[in-house]
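Close look at the chain arrangement
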Amino acid sequence: MNALLPDGWTIEQVRSASGDAKADLLSLERLVVVEQHGFADYDVLQPDVIIAFHGYDMCLARVGEDWFMGQLDPDGSVICWASYGPDLAEAIRGL
């Protein structure tokens, strides 16, 4: 499980940094999209890691080098609204 996280990170470190003891990795078998400001359509993302926080309401999805923040919808899809850059610690602070 930890092999999916960036070098130097474990799920325990993610939990500690976020203050969320239940933070966990999610399956990639789900639709992940990012909203485009001013457009009705979404862009589909292909993340290689998805981390769920706060009882699975909030998520971070890594696409390439960037972490996208979003929410987990009831159907299991992830709707992201912004990239928080390549630094996982910074993205976690953005939660």
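Analysis parameters
- Residues numbered from 1 in each chain as written.
- Predicted model: local features only at pLDDT ≥ 70, side-chain atom pairs only at ≥ 80, totals over all residues.
- Heavy atoms only, no water.
- Helix = DSSP H or I, 4+ residues; strand = E, 2+ residues; numbered from the N terminus.
- Contact = heavy atoms within 4.5 Å.
- Core = buried A, V, L, I, M, F, W, Y, C linked by side-chain atoms within 4.5 Å.
- Buried < 20%, exposed > 50% of the residue type's maximum accessible area, 1.4 Å probe, protein only.
- Arc of directions from axis to C-beta.
- Pairing = 2+ DSSP bridges.
- Salt bridge = Lys/Arg side-chain N within 4 Å of Asp/Glu carboxyl O.

**Notes on the environment of Val49**
Turning to its location among the elements, Val49 is positioned in strand β4 (residues 49-53). C-alpha of Val49 to C-alpha of Arg62: the two residues are 13 residues apart in sequence and 5.3 Å apart in space. Not counting chain neighbours up to four residues away, the residues in contact with Val49 comprise Leu4, Leu5, Leu25, Leu28, Leu60, Ala61, Arg62 and Trp67.

**Re the nonpolar core**
Counting 17 residues, the largest nonpolar core has Leu5, Val14, Ile51, Phe53, Leu60 and Leu88 as the members making the most contacts within it. Residue assignment for this core shows that the elements contributing at least two residues are α1 (11-18), β4, β5 (58-63), β6 (66-72) and α2 (88-93). If you tally residues by element for this core, the top one is α2, at four residues. In this view, Phe53 contacts Val14, Ser18, Asp20, Ala23, Met58, Cys59, Leu60, Ile92 and Leu95; residues no more than four positions away in its chain are not counted. With 11 residues, the next largest nonpolar core counts Val34, Leu45, Ile50 and Phe68 among its residues.

**A short note on α1**
Among the residues of α1, those classed as buried are Ile11, Val14 and Ser18. An end-on view of α1 places all buried positions within 55 degrees of arc, on one side of the element. Where α1 is buried, its residues contact β1 (24-25), β4 and α2. The first or second residue beyond α1 is Gly19, which carries a positive phi of 75 degrees.

**Focus on the environment of Val44**
With respect to the helices and strands, the residue Val44 is situated in strand β3 (residues 42-44). Look at Val44 and you get exposed, because its relative accessible area is 53%. Among residues more than four places away in sequence, those in contact with Val44 are Leu31, Val32 and Val33.

**Concerning the sheet that holds β1**
Across the sheet, which stays open at both edges, the seven strands sit in the order β1-β4-β5-β6-β7-β2-β3 with mixed pairing between neighbours. The outermost strands of the open sheet, each flanked by one partner alone, are β1 and β3.

**Brief notes about the pattern of salt bridges**
Pairing of side chains with opposite charge becomes possible as their charged atoms draw close. Under the criterion given, the structure shown has three salt bridges. We note a salt bridge from Arg62 to Asp48, for which the minimum N-O separation is 2.9 Å. Within this pair, whereas Arg62 is found in strand β5, its partner Asp48 is found in the loop between β3 and β4, the two being separated by 14 residues in sequence.

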